[in-house]
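Residue-level listing of the chains:
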Amino acid sequence: MIWNMYVKEMKDVFRDRRTLLMVVFLPLILLSGLVFFYESLMSDDKEETYTVAIPHELSEEGKVFFSDMSNVELEVFAQPKDIVDEGEASVALLAEDGFFTSLGEEEMSGVTLYGDSMSQNVSYVMNMIESKFAQVEQSIVNSRLEEKNIDESILEAFTVERVEPSYNDENGDSLALISMLLPMVFSIAIASGSTSAAMDLFAGEKERKTMESLLMTPVDRNKILISKWLTISTIGAMTGILAVVLIIIETLFFTEKMKEAFSVNEGMTIVIITTLAMTLLFALFIAALLMLISIVAKTIKESQSYSTPVSLLTIAPMFFITSMGVKEFTFMDFILPFMNLYAILKQLLYGIIDITNIALTLGSTAIYILILFAIARVLFMKDRWVL
């Protein structure tokens, strides 16, 4: 009986093609766009040229000084600052007449970079120019020390070397982005896929006055509840798996930097099994939570209002894990709902397989499912909540 009702509910859900398009496929397209957005952040666009405005008195020496920087184009203006304010140049380089010819002299020289550093492009250009000046400054200092027969190593009291852990020694930037993007896509996709079905199967039925006729049939309420819950879970799980597969395919075949984060290791079997188990449990968890909300709500509109915080909760953990190292997660991170999904997926992406953390994540999610389903069952058994 449960199987027959489950098949019937699945047919009803897939019959509403407009809802599937807006709630499932449109979010997948938008989430896919994040892959190419993050890829653009990681890729160095060496072909793009940035305009730097300089006054007339610095024109000849300045062009020679920056001749080796192909993506910086110097243009001469009478009022360089005004040109930057008008948006015709990224940065204005201001200095006294003869600045470039006096760089090697003993007296101190100064230069001013004028631009809006809040702009990513402007900040990038400023950093390039400052790096160029730092190289020249170091060369001048070394020449002065050599003239005075002083070993340049006297300026170094000690050296500092950074060494990354083995799980982060290569492709660190790619891993950081993927570990933030993949759990977010995963959770949003499952929630968006489940929301429409949950609202329609309970609040929608009450609003259309069809729930009463359904409850009058000789079918046990427990079977009705379970079949609807499994329908919502199936839609959510399908959407989540589709989203992750889509993101992985796009990353592997259409990106250069981000695909470096995916590498096959010895524990890949455990990673795949854990991910699939987490997909199933998280879909059941979200379905139970949305089902409970839909039972409480009287209309679809009211259910939409109540389910808004769920959408926010699927994104919230991203802001916490972004600044956390993969070894900084605590016991609470693996038992808190939503947060545990981000934490365990981040560790798995870094190749860290901790059976205890996996057990905590799966076990705690299973407990939350039982609690939510038990509450939903109690409410569904009372006419005041379902009629």
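Note: the structure precedes this text.
Described below are features of the structure shown in this document. (Residues numbered from 1 in each chain as written. Predicted model: local features only at pLDDT ≥ 70, side-chain atom pairs only at ≥ 80, totals over all residues. Heavy atoms only, no water.)

### Examining the side chain of Lys346
- Tracing the backbone shows Lys346 in helix H11 (residues 339-349).
- For the buried Lys346, which has no salt bridge, the nearest side chain bearing the opposite charge is Glu328, at an N-O separation of 7.5 Å. (Helix = DSSP H or I, 4+ residues; strand = E, 2+ residues; numbered from the N terminus. Buried < 20%, exposed > 50% of the residue type's maximum accessible area, 1.4 Å probe, protein only. Lys, Arg positive; Asp, Glu negative; His and termini not counted. Salt bridge = Lys/Arg side-chain N within 4 Å of Asp/Glu carboxyl O.)

### Digging into the nonpolar core
- Core analysis: the largest hydrophobic core is formed by 65 residues, its most contacted members being Phe202, Trp229, Ile232, Ile286, Met291, Ile295 and Phe380.
- Elements with a minimum of two residues in this core: helix H6 (172-207), helix H7 (211-215), helix H8 (221-254), helix H9 (268-296), helix H10 (300-321), H11 and helix H12 (355-380).
- Considering each element in turn, this core owes the most residues, 16 residues, to H9.
- Apart from the residues within four sequence positions on either side, Ile295 is in contact with Phe202, Lys206, Leu225, Ala376, Leu379, Phe380, Trp385 and Val386. (Core = buried A, V, L, I, M, F, W, Y, C linked by side-chain atoms within 4.5 Å. Contact = heavy atoms within 4.5 Å.)

### Some thoughts on the sheet that holds strand S2 (residues 72-76)
- On the basis of which strands lie adjacent, the open sheet formed by 4 strands has the order S2-S1-S3-S4 and mixed pairing. Sheet topology places S2 and strand S4 (111-114) at the edges, where each strand pairs with a single neighbour. Each strand of the sheet is rotated relative to its neighbour by a mean of 30°, with strand direction disregarded.
- Note that strand S3 (residues 91-95) and S4 share 4 bridges and pair antiparallel. The partner of Ala92 across the bridge, within S4, is Tyr114. (Pairing = 2+ DSSP bridges. Axes fitted to C-alpha atoms, helices over the stretch in contact; angles between N-to-C directions.)

### Quick look at the pattern of salt bridges
- With the rule as written, the count across this model stands at 4 salt bridges.
- Of the charged contacts, one joins Asp68 and Lys132 as a salt bridge, the two residues approaching to 3.0 Å between their closest N and O atoms. Of the two residues, Asp68 is situated in the loop between helix H3 (59-65) and S2 and Lys132 in helix H5 (residues 120-147); the sequence distance between them amounts to 64 residues.
- Under the relative-accessibility criterion, Asp68 is labelled exposed at 54%.
- Judged by its relative accessible area of 12%, Lys132 falls in the buried class.
- With a closest N to O distance of 2.4 Å, Arg221 and Asp383 form a salt bridge.

### Concerning the packing of aromatic side chains
- Tallied over the full model, the rule gives 11 aromatic pairs.
- Between Tyr50 and Tyr124, the aromatic rings sit 5.6 Å apart at their centres with planes inclined by 65°, giving edge-to-face as the arrangement. Of this pair, Tyr50 sits in strand S1 (residues 50-54) while Tyr124 sits in helix H5, and the two are 74 residues apart along the sequence.
- Note on Tyr50: relative accessible area 6%, which makes it buried.
- The class of Tyr124 is partly exposed, set by a relative accessible area of 32%.
- Aromatic ring contacts, followed pair by pair, group Phe282, Phe285, Phe338 and Tyr368 into a single cluster. (Phe/Tyr/Trp six-rings, centres within 6.5 Å; stacked < 30°, edge-to-face > 60°.)

### Some points on the pairing of S3
- Extensive coverage of S3 is indicated by the burial of 4 of its 5 residues.
- As judged from the 2 bridges shared by S1 and S3, these two strands associate in the parallel manner. Among the inter-strand pairings, Val52 is bridged to a residue of S3, identified as Val91.

### Focus on H12
- When the terminal C-alpha atoms of H12 are compared, their 37 Å separation across 26 residues agrees well with the 38 Å that a helix rising 1.5 Å per residue should span.
- Looking only at H12, the buried set comprises Asn357, Ile358, Thr361, Ser364, Thr365, Ile369, Leu372, Phe373, Ala376, Leu379 and Phe380.
- Among the residues of H12, the N-terminal cap falls to Asp354, whose side-chain oxygen and the backbone nitrogen of Thr356 are separated by 3.0 Å. (Expected span 1.5 Å × (residues − 1). Polar contact = N/O pair within 3.5 Å; in protein donor to acceptor, adjacent residues only side chain to side chain.)

### Considerations on the packing of H8 against H12
- Their axes nearest at 11 Å, the elements H8 and H12 cross at an angle of 135°. With respect to their mutual orientation, H8 and H12 come out oblique. In this structure, H8 crosses over H12, and the sense of that crossing is right-handed. Residues Arg221, Asn222, Ile224, Leu225, Ile226 and Trp229 of H8 pack against Ile369, Phe373, Ala376, Arg377 and Phe380 of H12. (Parallel < 35°, antiparallel > 145°, perpendicular 65-115°, else oblique. Left-handed = near helix turned anticlockwise from the far one by under 90°.)

### Focus on unusual backbone geometry
- Although it is not a glycine, Lys209 sits at a positive phi angle of roughly 65°.
- As for its position among the elements, Lys209 is in the loop between H6 and H7.
- Overall, Lys209 belongs to the exposed group, its relative accessible area being 68%.
- Non-glycine residue Phe338 carries a positive phi angle of around 75°.
- Relative to the elements of secondary structure, Phe338 occurs in the loop between H10 and H11.

### Concerning a nonpolar patch on the surface
- Among the surface-exposed residues, Ile241, Val245, Ile249, Leu252, Phe253, Phe254, Ile272 and Leu276 lie close enough to one another that they form a single nonpolar patch of about 780 Å² accessible area.
- Secondary-structure elements contributing two or more residues to the nonpolar patch are H8 and H9.
- For the nonpolar patch, the element with the highest residue contribution is H8, accounting for 6 residues.
- As for its position among the elements, Phe254 is in helix H8.
- You can call Phe254 exposed: its relative accessible area is 57%. (Patch = residues over 30% accessible without salt bridge, like charges linked within 9 Å, V, L, I, M, F, W, Y side chains within 5 Å. Areas by Shrake-Rupley, 256 points an atom, 1.4 Å probe, with all protein chains shown as cover.)

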